[in-house]
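Coordinate inspection notes
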Amino acid sequence: MKDFGNIILSLLILVAAAFSGEAVTTGNNNESGHRKLVDEKLVPLSNCPADGSLTSTLIIGFNSDCDVTCAVEVMQTANIDETKYNHLKSSNMITWNVISDAELALLRKDGKNISFIECDGVVTIEDKLVPLNNCPADGS
């Protein structure tokens, strides 16, 4: 039961770190049984809300040496079903629509293959309206 508690604690630390964008320190035993520390740099989340809420699609870009097949394997390794994302093969990017915290934590640890993970944003110009001086009043 003690091991189960340690596993749960480790998962909670990984998920919390996934949202903070910081390096995660995990312990592995070396040959003599002593713990050694390993830093894992997480792929940062870009263009995402500061409060950590992920309500929109994520865009995943891959490093140049990770081809289309590699990108699919990355998603399979994170146990993400192909029905949850669209693979834009010509640009080798993925738009991920159904996001879970555990899957995101796994993807963020794959800096070898993943170049970026970005929240898909909505663009608006409501704040700075441009006057339409010489346009007809009916908008045609």
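Provided above is the structure to which this section pertains.
Now for a description of the structure that goes with this document. (Residues numbered from 1 in each chain as written. Predicted model: local features only at pLDDT ≥ 70, side-chain atom pairs only at ≥ 80, totals over all residues. Heavy atoms only, no water.)

**Topic: unusual backbone geometry**
Note: most residues except glycine have negative phi, and most peptide bonds are trans. To keep it simple, the criterion reads: Numbering of helices and strands runs from the N terminus, with a helix taken as a DSSP run of H or I at least four residues long and a strand as a DSSP run of E at least two residues long. Only protein chains enter the accessibility calculation, which uses a 1.4 Å probe. A residue is then buried if its area is under 20% of the maximum for its type, exposed if over 50%, and partly exposed in between.
Its identity as a non-glycine residue notwithstanding, Asn47 has a phi of 60°, on the positive side. As for its placement among the helices and strands, Asn47 is situated in the loop between strand S3 (45-46) and strand S4 (58-62). Among the residues examined, Asn47 registers a relative accessible area of 52% and is labelled exposed. One non-glycine residue, Asn79, lies in positive phi territory at about 60°. Residue classification places Asn79 among the exposed positions, given a relative accessible area of 61%.

**Topic: the pairing of strand S6 (residues 93-96)**
Spelled out, the test is: Strands are treated as partners if at least two bridges between them are detected by DSSP.
Here S4 runs beside S6; their pairing, made up of 4 bridges, is antiparallel. Within S6, the residue paired with Leu58 across the bridge is Trp96. Inspection of the sheet shows strand S5 (residues 85-88) paired to S6 by 4 bridges, in the antiparallel sense. By the bridge assignment for S6, His87 is matched with Ile94.

**Remarks on the environment of Val74**
Convention followed: We call two residues in contact when some of their heavy atoms are within 4.5 Å.
Tracing the chain through its elements places Val74 in helix H2 (residues 68-77). Sequence-wise, Val74 and Asp110 are 36 residues apart; in three dimensions their C-alpha atoms are separated by 8.1 Å. In contact with Val74, other than residues within four places in its own chain, are Phe62, Cys66, Leu107, Asp110, Asn113 and Ile114.

**Topic: the side chain of Asp110**
Going by this rule: Asp and Glu are treated as the negative residues and Lys and Arg as the positive ones, with His and the ends of the chain left uncounted. Salt bridges are counted wherever a side-chain nitrogen of Lys or Arg sits within 4 Å of a carboxyl oxygen of Asp or Glu. Under the rule applied, a polar contact is a pair of N or O atoms within 3.5 Å (in protein, one hydrogen donor and one hydrogen acceptor; residues adjacent in sequence only if both atoms are side-chain atoms).
Relative to the helices and strands, Asp110 resides in the loop between helix H3 (101-108) and strand S7 (114-119). No salt bridge forms around the buried Asp110; measuring N to O, its nearest opposite-charge neighbour Lys112 is 6.7 Å away. Only 3.1 Å separates the side chain of Asp110 from the backbone nitrogen of Asn113, close enough to count as a polar contact. For Asp110, the contacting residues outside a window of four places in its chain are Val43 and Val74.

**So, the state of the cysteines**
This is how it is decided: The disulfide definition used here is simple: a pair of cysteine sulfur atoms within 2.5 Å.
Counted according to the given criterion, the structure contains 2 disulfides. Across the disulfide from Cys48 sits Cys119; the S-S distance is 2.0 Å. Across the S-S bond of Cys48 and Cys119 the torsion is about 100°, and the bridge reads as right-handed. Of this pair, Cys48 sits in the loop between S3 and S4 while Cys119 is found in strand S7, placing the two residues 71 residues apart along the sequence. Looking at Cys48, the relative accessible area reads 23%, which means it is partly exposed. Cys119 gets classed as buried once you look at its relative accessible area, which sits at 3%. Here the protein chain pairs its bonded cysteines, counted in sequence order, in the arrangement 1-4, 2-3.

Don't take any of this as a statement about function, it's just geometry.
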